[in-house]
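# Residue-level structure breakdown
Residue strings, one per chain:
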Amino acid sequence: MHHPHRYISALFLTAALAAVGSIVFAATPQEAGVQLRVYDSNHHDYHNWDDHEDRAYRGYLTERHENYRAYDKQNNKQQKNYWNWRHSHPDHD
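One structure accompanies this document, and this report is about it. (Residues numbered from 1 in each chain as written. Predicted model: local features only at pLDDT ≥ 70, side-chain atom pairs only at ≥ 80, totals over all residues. Heavy atoms only, no water.)

### What about the overall build of the protein chain?
To keep things clear, this is the line we draw: Helix and strand assignments follow DSSP, with helices taken as H or I runs no shorter than four residues and strands as E runs no shorter than two, numbered in order from the N terminus. Between buried and exposed lies partly exposed: a residue is buried under 20% and exposed over 50% of the maximum accessible area for its type, with that area taken using a 1.4 Å probe on protein chains only. Contacts between residues were defined by any pair of non-hydrogen atoms, one from each residue, lying within 4.5 Å. Residue burial considers only the protein chains on display, and all accessible areas are found by Shrake-Rupley using a 1.4 Å probe.
Check the secondary structure of the protein chain and you find 3 helices and 2 strands. Put simply, the protein chain runs from its N terminus to its C terminus through helices and strands in the order α-β-β-α-α. Evaluated residue by residue, the protein chain yields a buried proportion of 20% over its 93 residues. Partitioning the contacts of the protein chain with sequence separation of at least 6, the portion at a separation of at least 24 is 41%. Per element, the accessible surface of the protein chain, about 7500 Å² overall, is 57% carbon and sulfur.

As structure tokens, then:
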């Protein structure tokens, strides 16, 4: 004879595994079109930080002969310097 609580336990376990699976297989933010938005206080605008912006940032660092350091690890002055440069180097899409 099968016990009903075994079926309920199996049902909860299946639901828990399905929930974890959906998290594991969910799209990464950039694949889903969601991006980190960064506010440029000097220019009073927002910028989407995505792979394209990261390439521009790395180009900025290369142009200045600086070693890579993540944007969010830069101090406020260094971040402002980047956005000043970025506004003078717009995309040509």
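### Focus on the pattern of salt bridges
When the charged atoms of two side chains lie near each other, side chains of opposite charge can form a pair. Going by this rule: The salt bridge definition used is simple: a Lys or Arg side-chain nitrogen within 4 Å of an Asp or Glu carboxyl oxygen.
A complete count under the given rule lists 4 salt bridges for this structure. Across the salt bridge formed by Arg86 and Glu53, the nearest N and O atoms sit 2.6 Å from each other. Here Arg86, found in helix α3 (residues 76-88), pairs with Glu53, found in helix α2 (residues 51-63); they are 33 residues apart in sequence, far enough to count as distant. Like Glu53, Arg86 is buried. Across the salt bridge formed by Asp54 and Arg58, the nearest N and O atoms sit 2.8 Å from each other. Remark: Arg58 and Asp54 occur in helix α2; sequence separation between them is 4 residues, near one turn of the helix. Members of the salt-bridge network, linked through shared partners, are Glu53, Arg86 and Asp91.

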